[in-house]
Amino acid sequence: MTNMIGTQPLSVCVVFATDEVALDLRDRRPDSLALFGELDEASRDQLAHDAWAIGLRALANAHAAAQESKLKDVGAALVGDIDRQLRLYVEQQQQTIGAVLTRYFDPKDGQVTQRLSAFVDDHGVLARLLEKYLGPQNSVLAEALAKQVGETSPLFRKLSPTDSTGLVKVLEAQLRAVMSEGHAELVRALDPLAEDGAVSRFLKSLREELKGADEDRQMQLSTALAALDANDEQSLLSRLVRETHRARQDVLAAVNPDAPSSPMALLKASLTKLLEEQSTAQLALAKRQEERQVQFEKEVREALVRIELKRSQDQKSTRGGLVFEDAVLSFVRAATQGAPCVFEATGATAGVGRSKKGDAVVRFTEESAFAGAGVVFEAKRDAGYAVQKALDELDAARKNRDAAAGVFVMARSHASDVFPRFARYGNNVLVVWDDQDPTTDAYLHAAILLGIGLVTRTKTAGDAGDITALRDIEARIEDELSRLEKMEKHSDTIRKNVEGISDEIRKAHKALDLLLRKAQSTLRALNVEVLDEATEAASPLSLPKGSLAAAVLALPGCGGAA
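Residues numbered from 1 in each chain as written. Predicted model: local features only at pLDDT ≥ 70, side-chain atom pairs only at ≥ 80, totals over all residues. Heavy atoms only, no water.

Trainee: Is there a simple way to think about the pairing of strand β3 (residues 21-27) in this case?
Mentor: In regular strands, side chains alternate between the two faces of the sheet. As defined by bridge partners, strand β2 (residues 10-16) adjoins β3 across seven bridges and the pair is classed as antiparallel. The residue of β3 that forms the bridge with F16 is V21. Remark: four residues form the turn of the hairpin made by β2 and β3, two consecutive strands paired antiparallel. (Pairing = 2+ DSSP bridges. Helix = DSSP H or I, 4+ residues; strand = E, 2+ residues; numbered from the N terminus.)

This is how it looks when you write it as structure tokens:
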């Protein structure tokens with residue numbers, strides 16, 4: 001392209017091509033002729049070169065400043081309006097957060113307080129478990145004691161006074177047999193009708209002697225007195241006394257447990273043997289129970305060691321981060337189930353920015369007044385994430401997933417002491433969670449609810465094609481900025497001493513960065529926030545009843561399905 005300006009005394013001819021600009025300048029003004037007339041040829045070339053470079057740069061800067069001054073007033077008005085809207089929105093969100101936190105953590109009627117009360121009160125979960133295992137009726141301990149020493153146990157049957165095979169009945173039968181045998185012998189010894197009894201033999205001998213002395217009454221009387229003489233060892237009375245004493249000794253010997261041949265000794269031996277066998281059996285049972293208990297405790301300790309070792313290895317490897325990410329996604333999926341939104345795990349797919357930042361997105365469906373608005377979730381188990389780095393990561397994830405709000409979930413095992421347990425930064429929410437500690441579930445549930453509450457309804461003021469074109473321009477500018485950064489790195493490496501090129505690159509980088517911010521401001525200006533309290537009130541932002549319990553049950557440690 002050729003541009004001719006034929007005004008006198010200064011004329012310019014410009015030839016423009018895609019790779020160069022050719023300039024033919026003819027200056028007939030006296031002051032210019034005087035200036036160049038005093039210089040030699042080399043100085044004239046240098047002066048012309050400097051005049052072109054410096055003048056062109058000054059005009060370009062002046063043109064850019066003029067364009068910037070035109071947009072300055074528009075930007076100031078836009079910033080003021082956005083600031084006012086943001087202040088109003090922040091106040092509304094603070095009120096919402098206060099109400100939500102009061103509902104969960106109020107000491108009188110908060111859901112967390114109610115859950116703790118339901119766990120530790122007289123009819124709570126803890127009381128039911130104690131009643132199940134240690135209660136006096138139908139508990140595991142009562143059943144074990146009843147089985148070992150209860151009415152149906154072998155020991156109780158052995159000691160029962162009514163059981164025919166018990167020790168009391170056996171002892172009673174043995175005593176009855178011994179006493180019956182001793183009593184029968186004593187009765188037989190004193191029975192005058194028993195032929196082999198002592199009294200019968202005494203009377204028989206007395207009759208025989210009286211019969212022999214029938215003629216002599218005196219002799220009969222003497223004989224009777226002699227038979228009844230207790231001092232005579234050979235008298236019938238002495239023999240009766242001796243036999244009665246002998247029978248008494250036999251009865252006492254029969255009931256003496258110390259006599260080896262007595263029935264009571266046999267009964268004592270059998271009873272002692274039975275008790276020793278029972279004691280041996282009880283000791284063997286107790287020993288086996290102790291061995292099983294020791295083996296059980298050993299297996300439990302080994303299992304705990306394996307679990308701790310696995311957790312330690314997971315914390316040192318990337319697998320632990322994947323496990324934590326799966327736990328977070330399972331919790332969020334269960335918590336938002338039933339709400340007017342859809343859950344999508346996006347960690348393995350690229351977003352609008354061609355990156356994979358953003359592990360999951362919860363986006364409202366058409367049945368909600370906030371249709372299309374989304375919340376991105378990012379789960380990290382990395383000690384290198386400070387607050388600012390987490391916010392930068394969440395901003396990038398929101399941009400990549402086209403989300404209005406974001407929730408960053410940090411593992412408590414890797415969170416630093418200064419990392420907030422629960423905090424909000426604009427439309428970003430930071431929360432610390434431990435998938436092994438149920439007490440932290442309420443924090444994650446509150447963060448999910450707060451992230452959903454931070455979404456806004458928007459409408460597009462411009463044409464869809466213009467919006468797409470502006471997004472394409474933004475992407476291209478970002479690519480150019482990336483390329484300029486690479487060029488700057490290469491320039492610094494190759495030509496460290498060439499300050500001119502680096503200065504131009506920095507200025508170009510700054511100008512393109514300014515252009516990017518203005519393009520982004522323009523793009524945001526085309527998305528006007530819709531404030532319709534009636535419509536929003538008709539579509540409240542809330543999670544279904546029981547979502548916290550469902551999210552807790554969805555965790556692997558609680559036996560739920562992810």
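Trainee: Whenever I open this one, unusual backbone geometry confuses me. Can you help?
Mentor: Peptide bonds are mostly trans, and most non-glycine residues show a negative phi. With a phi close to 55°, D402 is a non-glycine residue in the positive phi region. Checked against the element boundaries, D402 lands in the loop between α13 (387-401) and β7 (405-411).

Trainee: Whenever I open this one, the side chain of S330 confuses me. Can you help?
Mentor: Here S330 lies in helix α12 (residues 318-336). Owing to a relative accessible area of 6%, S330 belongs among the buried residues under this scheme. Polar contacts involving the side chain of S330 include one to the main-chain carbonyl oxygen of D326, which spans 2.8 Å. (Buried < 20%, exposed > 50% of the residue type's maximum accessible area, 1.4 Å probe, protein only. Polar contact = N/O pair within 3.5 Å; in protein donor to acceptor, adjacent residues only side chain to side chain.)

Trainee: Is there a simple way to think about the sheet that holds β7 in this case?
Mentor: The strands making up a sheet associate through hydrogen bonds between their backbones, and the pairing can be parallel or antiparallel. Within the open sheet, the six strands sit side by side as β4-β5-β6-β7-β9-β8. Their pairing is mixed. Strands at the two margins of the open sheet, each flanked by one partner only, are β4 (341-345) and β8 (422-425). Here the average twist between neighbouring strands, direction ignored, is 20°. Here six bridges tie strand β6 (residues 374-380) to β7, and the two strands are oriented parallel to one another. Bridge pairing links E378 to F408 in β7. (Axes fitted to C-alpha atoms, helices over the stretch in contact; angles between N-to-C directions.)

Trainee: Looking at this model, I keep getting lost on the nonpolar core. Mind explaining?
Mentor: Taken as a class, soluble globular proteins show a tendency for nonpolar side chains to be buried jointly. F331, F377, V407, V409, W433 and I448 are the most contacted members of the largest nonpolar core, which totals 43 residues. With eight residues, the single largest contributor to this core is α12. Residues contacting F377, with those up to four places away along its chain left out, are V332, G358, D359, A360, V362, V407 and I448. Within the second largest apolar cluster, 13 residues are counted, among which are Y385, L391, A397 and F408. (Core = buried A, V, L, I, M, F, W, Y, C linked by side-chain atoms within 4.5 Å. Contact = heavy atoms within 4.5 Å.)

Trainee: Explain the pattern of salt bridges here, please?
Mentor: When charged atoms on two side chains of opposite charge get close, those side chains can pair. As enumerated under the stated definition, the model contains eight salt bridges in all. Between D24 and R26 there is a salt bridge whose closest N-O contact spans 3.5 Å. What makes R26 partly exposed here is its relative accessible area of 45%. It is possible to trace a salt-bridge network through shared partners that takes in E378, K380 and E393. (Salt bridge = Lys/Arg side-chain N within 4 Å of Asp/Glu carboxyl O.)

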